Amino acid sequence: MSEAIARAHPNIAFIKYWGNRNHDLRLPANSSLSMNLDGLQSETRVRFDSALSKDQFILNGKNQSAEPLQRLISFLNIVRGKASLRDHALVESHNNFPAGAGIASSASAFAALALASSKAAGLELSEKELSLLARRGSGSASRSVPTGFVEFHAANKDEDSFATSIAPPKHWALVDSIAIVNEEHKKTGSTDGHRFAETSPFQSIRVEGTQERLKQCKQALLERDFEAFAEVVELDSNLMHAVMMSSQPPLLYWQPGTLEIVQHVRQWRREGLAVCTTIDAGPNVHVISLQEDSDEVSARLQEISGVVKVLTAKPGGPATEVS
Ligand code: DP6
């Protein structure tokens with residue numbers, strides 16, 4: 001019997017990952033760039049035990065079955081294969097952020113699971129190997145392994161598709177104020193969405209331009225140039241939603257509240273506030289600002305009628321083992 005516990009943060013992508021070149025291996029269609037979200041985390045305990053007759057998964061105190069359990073078993077099978085292990089596992093995981101808050105829990109969940117399960121299986125993986133492994137559970141989880149601001153390199157080969165840190169959390173005092181407009185679970189998750197992406201006539205154009213936008217975003221980030229950063233972050237999010245809306249079936253994640261926030265933020269920026277938006281596969285809006293303006297931004301967001309609540313997060317660190 002052996003056990004390990006690990007923690008990881010979710011992340012918000014400034015340059016989005018949407019679509020895969022290989023769905024089984026989760027090899028992304030394009031590279032992406034993100035920031036880990038401090039304060040929000042998944043904590044996961046894994047115990048491999050020869051006395052267990054099957055894998056068991058408890059998430060936020062509830063025993064899981066069907067798709068979530070299947071996804072976990074597929075992941076554990078990869079780890080068992082690497083470690084030549086046959087034991088089943090008990091996996092207990094807890095998120096400190098509300099379920100259905102529009103924050104992708106799969107990123108922090110699979111990054112924490114990659115670290116905890118590999119340690120419990122007796123594997124000593126490098127950061128690159130952990131990022132590769134986390135990607136097999138959820139593409140964006142590869143970005144929750146390294147620290148701070150992170151680039152996920154898209155490639156044709158499994159061993160080349162992993163994420164690396166481009167700057168530590170303290171590099172730039174950005175804050176993500178997550179404006180929640182709806183806490184319901186989304187109807188179409190990212191795994192299906194990635195499959196639909198290639199049916200959009202805009203996907204190939206989006207993918208083609210990603211490398212250039214990633215270069216611009218990375219440069220703006222490294223130079224702490226908020227204006228240049230805001231422009232490319234909003235463009236990249238809009239391009240991903242254009243693909244979503246024009247895929248077959250079409251995915252329309254925005255709700256009236258989503259647009260209300262986007263319009264307000266545009267106005268605030270015109271008034272001189274350093275602030276911009278990015279939206280994932282859901283209706284909630286990630287409002288990115290400088291730390292010095294974040295209290296003001298959060299207060300203004302809370303006044304918008306469509307906003308249910310606002311969560312805030314600073315740049316976060318890497319996935320870590322809890323001893
Ligand atoms: C819109 O990593 O959630 O958040 O591999 O199916 O778990 P799976 O997909 P996932 O896709 C992320 C999609 C996104 C954009 C991004 O985070 O880059």
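Residues numbered from 1 in each chain as written. Predicted model: local features only at pLDDT ≥ 70, side-chain atom pairs only at ≥ 80, totals over all residues. Heavy atoms only, no water.

Taken together, 17 residues are adjacent to the ligand, and Ser138, Gly139, Ser140, Arg143 and Thr191 come closest. Take Ser138: an N or O atom from its side chain is 2.7 Å from an oxygen atom of the ligand. Between Arg143 and the ligand, the recorded distance is 2.7 Å, taken from a side-chain N or O atom to an oxygen atom. Out of a free accessible area of 460 Å², the ligand has 97% covered by protein chains. Top contributing element to the shell around the ligand by residue count: helix H4 (residues 190-196), with 3 residues. Tallied by class, residues from the shell around the ligand come to 5 nonpolar, 7 polar and 5 charged. Both domains that meet at the shell around the ligand, namely domain 1 (2-169) and domain 2 (171-313), each give it at least three residues. (Near = heavy atom within 4 Å. Polar contact = N/O pair within 3.5 Å; in protein donor to acceptor, adjacent residues only side chain to side chain. Areas by Shrake-Rupley, 256 points an atom, 1.4 Å probe, with all protein chains shown as cover. Helix = DSSP H or I, 4+ residues; strand = E, 2+ residues; numbered from the N terminus. Nonpolar A, V, L, I, M, F, W, Y, C, P; charged D, E, K, R; others polar. Domains from an automatic or database assignment.)

Turning next to a negative patch on the surface. Among the surface-exposed residues, Glu223, Asp225, Glu227 and Glu231 lie close enough to one another that they form a single negatively charged patch. With relative accessibility at 67%, the residue Glu227 sits in the exposed group. (Patch = residues over 30% accessible without salt bridge, like charges linked within 9 Å, V, L, I, M, F, W, Y side chains within 5 Å. Salt bridge = Lys/Arg side-chain N within 4 Å of Asp/Glu carboxyl O. Lys, Arg positive; Asp, Glu negative; His and termini not counted. Charge placed at Lys NZ, Arg CZ, Asp CG, Glu CD. Buried < 20%, exposed > 50% of the residue type's maximum accessible area, 1.4 Å probe, protein only.)

Turning next to the domain arrangement of the protein chain. Each assigned domain of the protein chain is listed with its residue range as follows: domain 1 (2-169) and domain 2 (171-313). One C-alpha centre belongs to domain 1, the other to domain 2, and the line joining them spans 23 Å. Between domain 1 and domain 2, the contact holds 34 residues from the first and 48 residues from the second. Of the roughly 3300 Å² buried between domain 1 and domain 2 on both sides combined, carbon and sulfur atoms contribute 66%. The largest share of the area that domain 1 buries against domain 2 comes from Phe14, Lys16 and Trp18, three residues that together contribute 27% of it. At the junction of domain 1 and domain 2, the tally comes to 2 salt bridges. A salt bridge links Lys218 to Glu151; the nearest nitrogen and oxygen atoms lie 2.8 Å apart. Counting only elements with at least two residues in the side of domain 1 that touches domain 2, the list comes to strand E2 (11-15), strand E5 (32-36), strand E10 (149-152) and strand E11 (163-167). (Contact = heavy atoms within 4.5 Å. Buried area = accessible area lost by both parts, 1.4 Å probe.)

Bringing the packing of helix H1 (residues 66-83) against helix H3 (residues 127-137) into the picture now. Each pair of packed helices can be summarised by the angle the axes make with each other and by the distance between the axes. In contact at an axis separation of 9 Å, H1 and H3 are set at 150° when each is read in the N-to-C sense. With respect to H3, the element H1 is oriented roughly antiparallel. As for the relative orientation of H1 and H3, their crossing is right-handed in sense. Here H1 contributes Arg71, Phe75, Ile78, Val79 and Lys82 to the contact with H3, which in turn contributes Leu133, Ala134, Arg136 and Gly137. (Axes fitted to C-alpha atoms, helices over the stretch in contact; angles between N-to-C directions. Parallel < 35°, antiparallel > 145°, perpendicular 65-115°, else oblique. Left-handed = near helix turned anticlockwise from the far one by under 90°.)

Attention now goes to H3. Residues of H3 that are buried include every one of Leu130, Ser131, Leu132, Leu133, Ala134, Arg135 and Gly137, and no others. Where H3 is buried, its residues meet strand E4 (27-28), H1, helix H2 (105-120), E10 and E11.

With respect to topology, 4 strands assemble into an open sheet ordered E13-E14-E12-E15, the strand pairing being antiparallel. Strands at the two margins of the open sheet, each flanked by one partner only, are strand E13 (275-278) and strand E15 (309-313). Between one strand and the next, the sheet's axes are offset by a mean angle of 25°, whatever the strand orientation. Contacting strand E12 (174-180), E13 and strand E14 (285-290), helix H7 (residues 256-270) crosses the sheet at an angle of about 155° to E13. (Pairing = 2+ DSSP bridges.)

Because side chains alternate across E10, one face comprises the buried residues Phe149 and Glu151, and the other comprises Val150 and Phe152, equally buried. In the sheet, E5 pairs with E10 via 4 bridges, with the strands oriented antiparallel. Bridged to Met35 within E10 is Phe149. Examined bridge by bridge, E10 and E11 share 4 bridges and lie antiparallel to one another. Looking at E11, one finds that Val150 is bridged to Ser165.

Strand-to-strand pairing in sheets goes through backbone hydrogen bonds, with the strands running parallel or antiparallel. Sheet architecture is open: 6 strands sit in the order E8-E7-E9-E6-E1-E16, paired in mixed fashion. Pairing within the sheet leaves two strands with one partner each, and these edge strands are strand E8 (62-63) and strand E16 (320-322). In this sheet, strand E6 (residues 42-49) lies alongside strand E1 (residues 2-8) in antiparallel orientation, the contact comprising 7 bridges. Residue pairing for E6: Arg7 is matched across the bridge by Glu43. Those strands touched by H1 are E6, strand E7 (56-59) and strand E9 (88-95), and its axis lies near 120° from that of E9.

Residues Phe14, Phe149, Leu174, Phe226 and Phe229 are the most contacted members of the largest nonpolar core, which totals 31 residues. Of all the secondary-structure elements, those providing two or more residues to this core are E2, E5, E11, E12, helix H5 (203-222), helix H6 (226-245), E14 and E15. Top element by residues in this core is H6. It accounts for 5 residues. Residue contributions to this core reach at least three from each of two domains, namely domain 1 (2-169) and domain 2 (171-313). Apart from residues lying up to four places away in sequence, Leu174 is in contact with Phe14, Met35, Phe149, Phe226, Phe229, Ile288, Ser289, Leu290, Gln291, Ala313, Lys314 and Pro315. Core analysis: the next-biggest nonpolar cluster, separate from the first, contains 30 residues, Ala89, Val91, Ala116 and Ala121 among them. (Core = buried A, V, L, I, M, F, W, Y, C linked by side-chain atoms within 4.5 Å.)

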